[in-house]
Amino acid sequence: MDRKIWITKAFTQHFTSTPDIICHAPGRVNLIGEHTDYNAGFVLPAAINFGTDIAAKKRTDNIVRIVAVDLDSEVIDFNLEEISYNPDSIWINYVAGTLKILREVFPHFTGAELVVSGNVPQGTGLSSSASFEIAVLKTFAQLHHLALDGVKAALIGQQAENTFVGCNCGIMDQLVSALGKQSHAMLLDCQSLRYQYANIPDNLALIIVNSNVKRGLVDSEYNTRREQCEQVAKYFNKPTLRAVSLADLQANQAELSPVLFRRAMHVITENIRTEKALQALNNNDMKMMSKLMQDSHLSMKNDFQITTTEIDYLVEIVAQELGEYGGVRMTGGGFGGCVVALAPHKMTQQITEKITRCYKDKTGLTADIFVCSTTNGAFYE
Ligand code: GAF
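Just so you know, these numbers come straight off a predicted model, no measurement behind them.

1. Description of the nonpolar core
A general feature of soluble globular proteins is that nonpolar side chains tend to end up buried together. Membership of the largest hydrophobic core comes to 100 residues, with the highest contact counts inside it found for Val 318, Val 339 and Ala 341. For this core, the leading source of residues is helix H3 (residues 128–143), giving nine residues. In this structure, Cys 229, Val 232, Val 244 and Leu 249 belong to the second largest nonpolar core, which totals ten residues.

2. Comments concerning the environment of Gly 334
Mapped onto the secondary structure, Gly 334 falls in the loop between strand S10 (327–331) and strand S11 (338–344). Between the C-alpha atom of Gly 334 and that of Phe 304, which follows or precedes it by 30 residues, the distance is 9.8 Å. Those residues within four positions of Gly 334 in sequence are excluded, and the remaining contacts are Met 300, Ile 306 and Thr 307.

3. Quick word on unusual backbone geometry
Positive phi values are uncommon outside glycine, yet Thr 16 reaches one of about 45 degrees. Positioned with a positive phi, Ala 40 is a non-glycine residue whose angle comes to about 60 degrees. With respect to the helices and strands, Ala 40 occurs in the loop between strand S1 (21–30) and strand S2 (42–43).

4. Section: the site of the ligand
Around the ligand, the surrounding shell consists of Asn 30, Glu 34, His 35, Asp 37, Tyr 38, Cys 169, Gly 170, Met 172, Asp 173, Gly 332 and Gly 333. Taken together, the residues of the shell around the ligand break down into three nonpolar, five polar and three charged.

5. Points about the pairing of S10
Among the five residues of S10, five are classified as buried, and the element is accordingly described as predominantly covered. As judged from the five bridges shared by S10 and S11, these two strands associate in the antiparallel manner. Bridging across to S11, Gly 327 finds its partner in Leu 342. Remark: six residues form the turn of the hairpin made by S10 and S11, two consecutive strands paired antiparallel; Gly 332 in that turn has positive phi of roughly 95 degrees.

6. Some thoughts on the UniProt feature "domain: GHMP kinase C-terminal" (unreviewed entry) in the chain
As recorded in UniProt, the sites labelled "domain: GHMP kinase C-terminal" (unreviewed entry) are residues 277–359. Taken as a whole, residues 277–359 contains 59% helix and 14% strand, while its terminal C-alpha atoms sit 28 Å from one another.

7. A closer look at the packing of helix H10 (residues 309–322) against helix H11 (residues 348–363)
At a closest axis distance of 10 Å, the pairing of H10 and H11 adopts a crossing angle of 145 degrees. In terms of crossing hand, the pair formed by H10 and H11 is right-handed. Counting all contacts with H10, which are made through Glu 310, Tyr 313, Leu 314, Ile 317, Val 318 and Glu 321, the residues of H11 involved are Gln 350, Ile 351, Lys 354, Ile 355, Cys 358, Tyr 359, Lys 362 and Thr 363. Residues of the contact of H10 with H11, tallied by class, amount to eight nonpolar, two polar and four charged.

8. Side note on the packing of helix H2 (residues 92–105) against helix H4 (residues 150–165)
Running from amino to carboxyl end, H2 crosses H4 at an angle of 115 degrees, the nearest separation of the two axes being 8 Å. Helix-helix and strand crossings are classified by hand; for H2 and H4 the assignment is right-handed. Across the interface between the two elements, Asn 93, Tyr 94, Gly 97, Thr 98, Lys 100, Ile 101, Leu 102 and Val 105 of H2 pack against Ile 156, Gly 157, Gln 159, Ala 160, Phe 164 and Val 165 of H4.

9. Details of the environment of Asn 162
The residue Asn 162 is located in helix H4 in this model. Assessed through the 16 C-beta atoms surrounding it within 10 Å, Asn 162 is described here as partly exposed. As a C-alpha pair, Asn 162 and Tyr 195 span 33 residues in sequence and 22 Å in three-dimensional space. Dropping the residues within four chain positions of it, Asn 162 is found in contact with Asn 168 and Cys 169.

The rules behind each value
- Residues numbered from 1 in each chain as written.
- Predicted model: local features only at pLDDT ≥ 70, side-chain atom pairs only at ≥ 80, totals over all residues.
- Core = buried A, V, L, I, M, F, W, Y, C linked by C-beta atoms within 7 Å.
- Buried ≥ 20, exposed ≤ 12 C-beta atoms within 10 Å, placed from the backbone.
- Helix = DSSP H or I, 4+ residues; strand = E, 2+ residues; numbered from the N terminus.
- Contact = placed C-beta atoms within 7 Å.
- Near = placed C-beta within 6 Å.
- Nonpolar A, V, L, I, M, F, W, Y, C, P; charged D, E, K, R; others polar.
- Pairing = 2+ DSSP bridges.
- UniProt positions renumbered as here; feature names shortened; annotations may be inferred.
- Axes fitted to C-alpha atoms, helices over the stretch in contact; angles between N-to-C directions.
- Left-handed = near helix turned anticlockwise from the far one by under 90°.

The following block contains the structure:
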C-alpha cells in the first residue's frame, strides 16, 4: 500500500480523526566527502527513496502526542513548555530535542498529534535520525506556518543532535534531507552552507549495500575523530582543517604525531576529491569518478581508519566487477554500515550476484542490497 495512504489510516485509527498534513523527509547516501562536514569542508550526498513519514494534526494546547507505529505503536506525550531528555525512550529525544530548539527560534507555536513511521534501515549510515528530525521540523513548520527554510531547519536538527541527543555530527545529513533534489547529488560547502546540484547521469544506478556489520563504538570513535581533526587545526592556529592546505600539512609532518597527520591527510585530500567529483559527475566522467571513489575509500581505510574488514571486502569485490565503469566506497560515519556504488544499470545484476555469491562465504554475514533512486528533500502533502 502507498505509504501516504497507510500512514493516514494509522492516524485515523489512533486519533479517530483525519490528519491535517502528511510530511516526508528522506534519508541520504553520501557519494564522497566523508568526515569533512564538521571540518567545514565539502560533501556530495544525495537524498534517497527511504525516509520518515509523519501524519499530523494541530493542537491548540502545548501537548505533543506521538505514536511510533514501527515500535509497537508506543505512544509518548510531552509538554512543549517542559522538555527534558528521556533516558528510557531514546527515539523520543529526536522529537523533543528538535522541538526544544525550534521553540527557541519560534517561541509561540503549539502542540500536535503525530503518527510516525520510517523505512530508513537504522544504524547503517543512511541517516535515519536526520530524516526523523527534518520530518518533525517540516511538520511543525507547515502546521504552524513558521518561516523555516531548509538551511535553518538543518541547523536546528544538527543543534538538537549536538546539544540534546549527544552526537557531535556535522550538517550534511540534515541539509540534504531538507534540500536534496531528485536525480541529483548535492555539493555542499559546509563552511558557507552554499550548495549546488550535480546531475546523476541517467545510465547510472545507485546501489547501496548494507554490510550488516553491527556498528560498535560509533559515537565514541566519531567524536574521537572529530577531536583529532580539531587538534590539528589548532596546531596550525586555524578554526578548522578547511583552512589548512595540503602543502602546509606535508611541510609540518615531522611535528605532528603519525595518527594526527593521517587524520588530517584524509580530510584535506577528501575535500580535494569531493570538488573533483562534482566535475566528474557533471561531465559524466565515470573513469574519474571511479578513481575518486576508490581513493576516498583507501583514505578512509588507511588514514582515517574507519572501515572494517567486511566493508573493505565488499568494496573490493564490487570494484572488481565495475572496473572503471563505476565507483564504489564505504559511505557514512564508518565502523560498519553501508557501501555505495554508482554503476551502469546494465551491471546491476552481475554486481548483485557477485555479492550474493561471495560475501556470506567470506564473512558469515548476509548483505542487503538496495538499488535506490534519488528523491527530493522534505515535502508535505
Ligand atoms: C555522520 C554524521 F552525522 C555526518 O555529519 C557526517 O560527519 C558523516 O557521519 C561522516 O561523513 O553521518
